Amino acid sequence: MTVIPAENVEIVIREGTWRILSSGQSLTPDILFQVTRGGGVIEYADDYGRDHHLPGTVLSVNYVRAVVIGYEENSRCWKLGFHVARNDQEKARWLELVRWLPSDNDRYAQAAQQAGRELAEHIGCPLKVFGAKKLPQRPPSSKRSGVTGPLVPHKREDIGPQRVKLFAQSVNLPVQYPGIWLGRSRGEVTLRLTKDVIDKSGGKIAPSFNQCIIDPEKGKIRLLPPTGLLGSIFGGSQGREIRSDLVQNIELRHTITRDFESTQDTDGTLTEITHLHYAWEIFLTLPDEGILLAQTTHSTSSDLARKRSMVGNKFSVNTKSGIEYLRQHQADQEAYEAAETFARTVAVVIASALSVRLVKTESNGAES
């Protein structure tokens, strides 16, 4: 749950809902405003609607052209609101929802930034910024590949060896993903990575070995480096052999990171685009280190998630833009599921071969 204080209210983001609650000493604060991700409507209290010039108590998200955040120099306040219009031909009007106390520009910039981004994601519309040339960014946090789990706060699920073996029974080997192959031969389980997968790390942690061979009968794991100079540097010319009984668990680490870019609009505002990067990493966890065996990734942007406001009804198949949206959305979803499913399959098969727990961790990584 995320709580963002503002002037006289609190913004609470939790489990797919974005809410504005009354602030004060009450144990059960009133819900003044609420959006549920994918719900299609905005709900608000009658008094809140009147005070903020909203009709009735319910508004369709189709009327929202953009979520807008910005710093107003005259009042010295950060503000969050909507641009609303009944159709594309009508000039959008501004509706303020929340403001922060008067202060310097950078005092509440981070809070307004986070609240606006989350609201745009829940409604499914563009995010526009005024009164700021560039939104502040959080400094990246450090990463490590040692013990089970990332350094940042994360969710964790432990799956025991017996359940892992049940899951593994439904896997038909071999399986493959671009640049990665997993199969079984003569009782050994082998994971192979192409040289391209190891080289395309983008400056991030990448596997040091391009083969992991698990021999349950001998209780050995052999890690073989890529051939050539790079393999000698990272893996050593002889590779590495590990006793199976030293493995504490297999970790499947799912990390979501974000980066942002802004484009200048003709009206002087900025439209912000959020790029989402998903990574699934399989670690061999030893008593004092974690060895990255393989990783799959997927990237997407808020352009696709928020395109609803630009194509009208995103589920309509009667318009060219609606059909194109559905095609892009389906392709994006299939790519995401392929990356996730393959990583999970690799983690399950290897954990089963080693008769150890599978630890699933999930975290939202640092913004960059």
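Residues numbered from 1 in each chain as written. Predicted model: local features only at pLDDT ≥ 70, side-chain atom pairs only at ≥ 80, totals over all residues. Heavy atoms only, no water.

Asker: Describe the nonpolar core, naming the residues involved and giving the relevant values.
Answerer: In this structure, Leu191, Ile221, Ile250, Leu284, Leu354 and Leu358 are the most contacted members of the largest nonpolar core, which totals 44 residues. The element best represented in this core is helix α8 (residues 320–354), accounting for twelve residues. Discounting chain neighbours no more than four positions away, the residues touching leucine 284 are Ile221, Ile242, Val247, Asn249, Ile250, Glu289, Gly290, Ile291, Leu293 and Leu354. (Core = buried A, V, L, I, M, F, W, Y, C linked by side-chain atoms within 4.5 Å. Buried < 20%, exposed > 50% of the residue type's maximum accessible area, 1.4 Å probe, protein only. Helix = DSSP H or I, 4+ residues; strand = E, 2+ residues; numbered from the N terminus. Contact = heavy atoms within 4.5 Å.)

Asker: Let's hear about the pattern of salt bridges: which residues, and what values?
Answerer: On inspection of all chains with the given rule, the structure shows 16 salt bridges. Salt-bridge contacts for aspartate 46 lead to arginine 50; the nearest nitrogen and oxygen are separated by 2.3 Å. Here aspartate 46 and its partner arginine 50 are both found in helix α1 (residues 46–51), four residues apart, which amounts to about one turn of the helix. For arginine 50, a relative accessible area of 51% puts it in the exposed group. With a closest N to O distance of 2.3 Å, arginine 357 and aspartate 158 form a salt bridge. Of this pair, arginine 357 sits in strand β21 (residues 357–367) while aspartate 158 sits in strand β11 (residues 155–159); the two residues are 199 residues apart in sequence, bridging distant segments of the chain. Overall, the relative accessible area of 28% leaves arginine 357 in the partly exposed class. Because the salt bridges share partners, they merge into one network encompassing Glu72, Lys79, Glu96 and Arg99. (Salt bridge = Lys/Arg side-chain N within 4 Å of Asp/Glu carboxyl O.)

Asker: Break down the pairing of strand β2 (residues 9–14) for me, citing the residues and quoting the values.
Answerer: Where strand β1 (residues 2–6) lies against β2, five bridges are found, and the strand directions are antiparallel. Among the inter-strand pairings, isoleucine 4 is bridged to a residue of β2, identified as isoleucine 11. In this antiparallel pair of consecutive strands, β1 and β2, the connection spans two residues, and asparagine 8 shows a positive phi of 70°. With six bridges connecting them, β2 and strand β3 (residues 17–22) associate as antiparallel partners. (Pairing = 2+ DSSP bridges.)

Asker: Give a description of the sheet that holds β1 that names residues and reports values.
Answerer: Within the open sheet, the six strands sit side by side as β1-β2-β3-β4-β5-β6. Their pairing is antiparallel. What marks the edges here is a single partner per strand, and that holds for β1 and β6 (58–60). Each adjacent strand pair in this sheet contributes to an overall mean axis angle of 15°, direction not counted. (Axes fitted to C-alpha atoms, helices over the stretch in contact; angles between N-to-C directions.)

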